[in-house]
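Structure at a glance
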Amino acid sequence: MPTTEPEHKPLLEEVLAYLPYSDIHSFAKGQQIYGPGNDSGSLCLLIEGRVKLLRLTESGVTVAVDIYQAGDLFGESALLSVPRDDEQALAVEPAKVMAWTAAEIANLIAGDPRLAVALMQVIVKRCLSFKDRLESLSAEDTSHRLGRALVDFADRSRAAAGHADVTIAPLTHELLAQYVGTSREIVSQHMSTLRRHGYIGYSRKGILVHCDTLRDWLHTRTKRA
């Protein structure tokens, strides 16, 4: 499999060891990778760029389920072989993607069941991460949710462990609002507050997250709660 940056997580490396090369597809910024009217029914590997996964709730609200970066698998719902009319994957920036259909994955698993175990581990780990996020959405205020999201993005983007300060690629306040469940205006207010207190810095080049300082602040607020 191709080498991507940042460094693959150990569980994902195991999955990639059982997947063959496939054609690489390029997508322009804002282009739909799959969604209503264009569902390839494939499990995808992001080779380059970033992708946001959106879901439309029954009330008509668009929610950002996750933001994927190079080295991440996404689109695992294709393995259910059901329409994904309420799910949409869009390129946040120019992106390159490999994809395998559900039928191809089934054939690969039949040939080597270790792929099924590796995929299951990655998906379970993702579910546990979603559980933590749901707890944050239901129990924490906006500034806490936003700070936790920025730390998470920084942890996922760092090339090596132990970095106190991590710069992540730019994220619009609209996208962050969809991710933490609020409005763009409120996100802008809280981003300014976090920057004023020295937890983050940002410019057009990216968002500088002072991970240790921000994590300490989150921990202090959790203890007080």
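Data block above holds the structure.
With that settled, the discussion passes to the side chain of R133. The topology assignment puts R133 in helix α3 (residues 114-139). No salt bridge forms around the buried R133; measuring N to O, its nearest opposite-charge neighbour D66 is 5.4 Å away. Those residues in contact with R133, other than ones at most four positions away along the chain, are A64, V65, D66 and Y179.

Helix α5 (residues 173-180) packs onto helix α4 (residues 142-157) with a crossing angle of 105° between their chain directions and a minimal axis gap of 10 Å. One finds that α4 runs roughly perpendicular with respect to α5. For the pair formed by α4 and α5, the contact residues are R145, L146, A149, L150, D152, F153 and R156 on the first element and L176, Y179 and V180 on the second. Here the residues of the contact of α4 with α5 sort into seven nonpolar, no polar and three charged.

Taken together, the side chains of V117, M120, V124 and L128 present a nonpolar region at the surface, about 360 Å² in accessible area. For V124, the position within the fold is in helix α3.

Looking now at the sheet that holds strand β11 (residues 206-210). The three strands lie next to each other as β9-β11-β10, forming an open sheet whose pairing is antiparallel. Because the sheet does not close on itself, it has two edges, and the strands there are β9 (165-168) and β10 (200-203). Adjacent strand axes in the sheet meet at a mean angle of 15°, parallel and antiparallel pairs treated alike. Looking at chain direction, β9 and β11 are connected through four bridges and run antiparallel. Pairing of V166 across the sheet is with V209, part of β11.

As a further point, take the nonpolar core. The tendency in soluble globular proteins is for nonpolar side chains to be buried side by side. The biggest cluster of nonpolar side chains holds 30 residues, and the ones touching the most others in it are L150, I168 and L214. Looking at this core, the elements that each hand over two or more residues are β5 (62-69), α4, β9, α5, α6 (184-196), β11 and α7 (211-224). No other element matches the six residues that α4 contributes to this core. When near neighbours in sequence (up to four residues on either side) are disregarded, I168 contacts L150, F153, A154, S157, G206, I207 and V209.

Cut-offs and rules
- Residues numbered from 1 in each chain as written.
- Predicted model: local features only at pLDDT ≥ 70, side-chain atom pairs only at ≥ 80, totals over all residues.
- Heavy atoms only, no water.
- Helix = DSSP H or I, 4+ residues; strand = E, 2+ residues; numbered from the N terminus.
- Buried < 20%, exposed > 50% of the residue type's maximum accessible area, 1.4 Å probe, protein only.
- Lys, Arg positive; Asp, Glu negative; His and termini not counted.
- Salt bridge = Lys/Arg side-chain N within 4 Å of Asp/Glu carboxyl O.
- Contact = heavy atoms within 4.5 Å.
- Axes fitted to C-alpha atoms, helices over the stretch in contact; angles between N-to-C directions.
- Parallel < 35°, antiparallel > 145°, perpendicular 65-115°, else oblique.
- Nonpolar A, V, L, I, M, F, W, Y, C, P; charged D, E, K, R; others polar.
- Patch = residues over 30% accessible without salt bridge, like charges linked within 9 Å, V, L, I, M, F, W, Y side chains within 5 Å.
- Areas by Shrake-Rupley, 256 points an atom, 1.4 Å probe, with all protein chains shown as cover.
- Pairing = 2+ DSSP bridges.
- Core = buried A, V, L, I, M, F, W, Y, C linked by side-chain atoms within 4.5 Å.

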